[in-house]
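Results of the structural survey
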Amino acid sequence: MSYLENINSPKDVKKLNIDELETLCSEIRELMIKTVSENGGHLASNLGVVELTVALHKVFNSPVDQIVFDVGHQCYTHKILTGRKDSFITLRKEGGISGFTRPDESEHDIFSSGHSSTSISSAVGLAKAKALKGDKGKVIAVIGDGALTGGLAYEALNNSGNENSNLIVILNDNNMSISPNVGSMARQLTTIRTSPKYNTFKNGITRSLAKIPKVGAQIIRSITAINQRIRKHIYKNTFFEDLGFRYYGPIDGHDLDALIDALRVAKSHNHSVLIHINTAKGKGYDFAEKNPSKFHGIGKFNINTGEPIPSGDTFSSVFGKSLLHLAENDTRICAVTAAMADGTGLTEFADTFPRRFFDVGIAEQHAVTFSSGLARNGLIPVFAVYSTFLQRSYDQLIHDVAMQRLKVIFCIDRAGFVGSDGESHQGVFDTAYLMSVPNLTVFSPSCFEELSSMLYQAVYKEQTAVAIRYPRGCECNMPDGYKYEKENYSVFGNDNNENCIITYGREFENCYNAMKSLDNTFLIKLNRIKPIDSSVCNKLIKAKNIFFYDEGIKTGGVGECFAAMLEENGINANYHHISIEDEFVKQAEVSAQLRKYKFDTNSIIEKVNSVNG
């Protein structure tokens, strides 16, 4: 029989015995692999935590006990077990369930998430609030898959420990983060300490000693101190215990019996607990186990071969090839990434120049300041980062790079709409905050040839920091015969026309196609969006209507800066700024997002025609 078809809430998980739970885990993996192969998503990380998530819902009572998944990209099993099994086929689709935790989907999702290393901080706050209010339940933070390389996690650990008796941290060690030096003695000790019989015996002895007048409490304190010294000697790694946690581990993260025992012990504690489990990322799907990085975040793929549906060259791959070509002739060039070598196109660079390739882990703040150190001593660091993750290093960009007038090159991938990853991953904020940073030049290519040329400009023509932002996926279709000549902006059509469309980056294709269908209209494509070349105003003297298409957040973005420049230069045309208002962009295909926000060709034509009557 299928056990999964009868799972509609966590209560149903509690009814199953170990053998039935093992079968349930297999069924969950089958559903997960099939759905992600059709929709794309985070597969390897989710396959690795199936048993852990089943055990969590077997032992704890969500949502009274609050489970916080770090990044949220390990939550698929959790979603399936908490009433979203039937809607799981809509994963990452427009109007469907998110690929990350979302409180507006379910009371079992405590936080919206999508970025790394936040779970322990959130959990410490949740646990403290429960304690202050006298609310029941534990708070469980599930962290791992590289998230413990993020500094925020250590800030939270430093702020937790003894004070949070209702806090449990589960460290999912899948060799993508840390691998402490613990041996067979430590594993044996953990097995004993998480045994129900041992804990029943231990609690009975403690209660008996506590009844001894005068000396009972002193005996308990002495035994506890001896136990702590023995554990430190055997585990060798005392880091978590020194922070005030009771440490259990390492535990086989695919052994349901061991997991359930450990979680029950943790639940019974009146003390902060850290459980260290070992899992295999990609567990249960051979292709994902052999290549977990490839299946971390993957598009549609063939289940039988594990091969992605081919999509051709992308901005990411072209960036990687271009940087590699420059580095072959210039030993000063270094590549820096924050645990995203594959996604940013740097895998070949890492293989070819391992001494000049630096993967700093999920630590964007460190990546930027580290790059500033490289630059200060004469190297040319190129930090490849997704737009959504660059947000975490804004202070370092200002203080450690721009203020120092150092040349660090930021290659910003996934700029603009990114599609199905949803609110937490849209690259629509970088233009707004980059426009305010002094000593920073920002380029926005529309095609691969522009990207390669702008990268060359950044390396050899600019003196201070440079950002090159480009979208996910393929290049725009460019006009026949178009050649980028390193100009700050390009003009298409007759600038004596009354209507002017202005844009940059990916949106150029739709704007150009619209211009060809419109009368009395010309187009300006900004290649350098910061600083904007004020000479562009000379092309707008006769314009009566200006339509600025800005694939980013409106407040503080390129379009607002352009409007201010027009006013300063006495250009009095009617100005129409089409951009993203004060909101977060929901998951959908990029094409659907472009239509929704009126960036598609038909919407541009309708807008210009409506203004012209």
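Residues numbered from 1 in each chain as written. Predicted model: local features only at pLDDT ≥ 70, side-chain atom pairs only at ≥ 80, totals over all residues. Heavy atoms only, no water.

Focus: helix α4 (residues 50–59)
- In terms of burial, α4 is a largely internal element, ten of the ten residues being buried.
- Taken residue by residue, α4 has Val50, Glu51, Leu52, Thr53, Val54, Ala55, Leu56, His57, Lys58 and Val59 as its buried positions. (Buried < 20%, exposed > 50% of the residue type's maximum accessible area, 1.4 Å probe, protein only. Helix = DSSP H or I, 4+ residues; strand = E, 2+ residues; numbered from the N terminus.)

Some details on empty space enclosed by the protein
- Counted according to the given criterion, the structure contains one cavity of 30 Å³ or more.
- The volume enclosed by the largest cavity comes to roughly 90 Å³.
- Taken together, Ala415, Gly416, Ser444, Pro445, Arg469, Tyr470, Pro471, Tyr504, Gly505, Arg506 and Glu551 form the lining of the largest cavity.
- Partitioning the lining of the largest cavity into residue classes produces five nonpolar, three polar and three charged. (1 Å grid on protein atoms, 1.4 Å probe; cavity = no way out; pocket = protein on both sides within 12 Å on 5 of 7 lines; lining within 4 Å. Points joined across faces, edges and corners; volume = space filled by probe spheres on them. Nonpolar A, V, L, I, M, F, W, Y, C, P; charged D, E, K, R; others polar.)

Here's the deal with the sheet that holds strand β13 (residues 499–504)
- One open sheet holds the five strands; their spatial order is β12-β14-β13-β16-β17, and the pairing between them is mixed. A strand with exactly one partner marks an edge of an open sheet, and here the two such strands are β12 (489–492) and β17 (574–580). This sheet shows a mean twist of 20 degrees between the axes of neighbouring strands, independent of strand direction.
- In this structure, β12 lies alongside strand β14 (residues 521–526), joined through four bridges in antiparallel fashion. In the sheet register, Val491 faces β14, and the bridge partner there is Ile524. (Pairing = 2+ DSSP bridges. Axes fitted to C-alpha atoms, helices over the stretch in contact; angles between N-to-C directions.)

Description of the pairing of strand β2 (residues 139–144)
- Of all the six residues making up β2, six are buried; the element is thus mostly covered by neighbouring parts of the structure.
- Side chains of β2 alternate between two faces, with Val139, Ala141 and Ile143 and Ile140, Val142 and Gly144 buried alike.
- Across four bridges, the pairing between strand β1 (residues 66–69) and β2 is parallel. Looking at β2, one finds that Gln66 is bridged to Val139.

Notes on the nonpolar core
- With 59 residues, the main nonpolar core has Phe319, Leu323, Phe349, Ile468 and Ile501 as its most contacted residues.
- In terms of residue count, the dominant contributor to this core is helix α14 (residues 315–328) (seven residues).
- Each residue touching Phe349, except ones within four places of it in the same chain, is listed here: Leu323, Leu324, Ala327, Ile333, Cys334, Ala335, Pro354, Arg356 and Phe357.
- In terms of nonpolar packing, the next biggest core, distinct from the first, is built from 54 residues, Tyr3, Phe69, Val142 and Leu259 among them. (Core = buried A, V, L, I, M, F, W, Y, C linked by side-chain atoms within 4.5 Å. Contact = heavy atoms within 4.5 Å.)

A look at the environment of Asn39
- Secondary-structure assignment places Asn39 in helix α2 (residues 18–39).
- In contact with Asn39, other than residues within four places in its own chain, are Ile89, Thr90, Leu91, Arg92, Lys93 and Lys300.
- A distance of 2.9 Å separates a polar side-chain atom of Asn39 from the backbone oxygen of Leu91. (Polar contact = N/O pair within 3.5 Å; in protein donor to acceptor, adjacent residues only side chain to side chain.)

Observations concerning the environment of Val536
- Mapped onto the secondary structure, Val536 falls in the loop between β15 (528–530) and β16 (545–553).
- Exposure remark for Val536: the relative accessible area of 0% places this residue in the buried category.
- If we ignore the near neighbours within four places in the chain, the residues touching Val536 are Tyr489, Ile524, Phe562 and Met565.

A few points about the side chain of Lys130
- In this structure, Lys130 sits in helix α6 (residues 119–133).
- For the buried residue Lys130, which engages in no salt bridge, the nearest side chain bearing the opposite charge is Asp135, 5.4 Å off.
- Ignoring any residue separated from it by four or fewer positions in sequence, one finds Lys130 in contact with Val64, Gln66, Asp135, Lys136, Gly137, Lys138, Val139 and Asn166. (Lys, Arg positive; Asp, Glu negative; His and termini not counted. Salt bridge = Lys/Arg side-chain N within 4 Å of Asp/Glu carboxyl O.)

Structural notes on the environment of Val71
- Looking at the element boundaries, Val71 is found in the loop between β1 and α5 (76–84).
- For Val71, a relative accessible area of 10% corresponds to the buried category.
- Here the alpha-carbon distance between Val71 and Ile143, two residues 72 residues apart in the chain, equals 8.2 Å.
- Contacts of Val71, omitting those with residues within four sequence positions, involve Phe100, Ser113, Gly114, His115 and Ser116.

Details of the sheet that holds β1
- What the five strands build is an open sheet, ordered β1-β2-β3-β5-β4; its pairing is parallel. On the outer flanks of this sheet lie β1 and β4 (246–252), each paired with one strand and no other. Each strand axis lies, on average, 20 degrees off the axis of its neighbour in the sheet, ignoring direction.
- Summarising the sheet, strand β3 (residues 167–173) and strand β5 (residues 273–278) pair through six bridges and their orientation is parallel. Within β5, the position partnered with Ile170 by the bridge is Ile275.

What to know about a negative patch on the surface
- The grouping of Asp19, Glu22, Asp252, Asp255 and Asp257 at the surface amounts to a negative patch.
- With respect to the helices and strands, the residue Asp255 is situated in the loop between β4 and α12 (256–268). (Patch = residues over 30% accessible without salt bridge, like charges linked within 9 Å, V, L, I, M, F, W, Y side chains within 5 Å. Areas by Shrake-Rupley, 256 points an atom, 1.4 Å probe, with all protein chains shown as cover. Charge placed at Lys NZ, Arg CZ, Asp CG, Glu CD.)

Considering the confidence of the model for the protein
- When pLDDT is averaged along the protein, the result is 90; 89% of the residues meet or exceed 70.
- Low confidence marks residues 177–190, where pLDDT is under 50. Its contacts with residues over four positions away, or in another chain, come to 30 contacts. (pLDDT = per-residue confidence, 0-100.)

Considering the packing of aromatic side chains
- What the rule picks out here adds up to 26 aromatic pairs.
- Ring plane angle 70 degrees and centroid distance 5.7 Å describe the contact between Tyr76 and Phe88, whose orientation is recorded as edge-to-face. Here the residue Tyr76 occupies a position in helix α5, and Phe88 occupies one in the loop between α5 and α6, the gap between them amounting to twelve residues. One exposure class covers both Tyr76 and Phe88, and it is buried.
- When the centroid spacing of 5.3 Å and the interplanar angle of 45 degrees are considered together, the rings of Phe548 and Phe562 count as tilted. Residue Phe548 is located in strand β16, and its partner Phe562 is located in helix α22 (residues 558–568); the two are separated by 14 residues in the primary sequence. Across the pair, Phe562 and Phe548 agree in class, each one buried.
- Taken together, the ring pairs connect Tyr285, Phe287, Phe295 and Phe301 into an aromatic cluster.
- Positioned above the aromatic ring of Phe353 is the side chain of Arg356, whose terminal nitrogen or guanidinium carbon lies 4.2 Å from the ring centre. (Phe/Tyr/Trp six-rings, centres within 6.5 Å; stacked < 30°, edge-to-face > 60°. Lys NZ or Arg CZ within 6 Å of the ring centre and 35° of its normal.)

Examining the side chain of His78
- Along the chain, the position of His78 falls in helix α5.
- The exposure class assigned to His78 is buried, which follows from its relative accessible area of 1%.
- A distance of 2.9 Å separates a polar atom in the side chain of His78 from a polar atom in the side chain of Asp109.
- Apart from the residues lying within four places of it in its own chain, the contact partners of His78 are Thr53, His57, Phe69, Arg84, His108 and Asp109.

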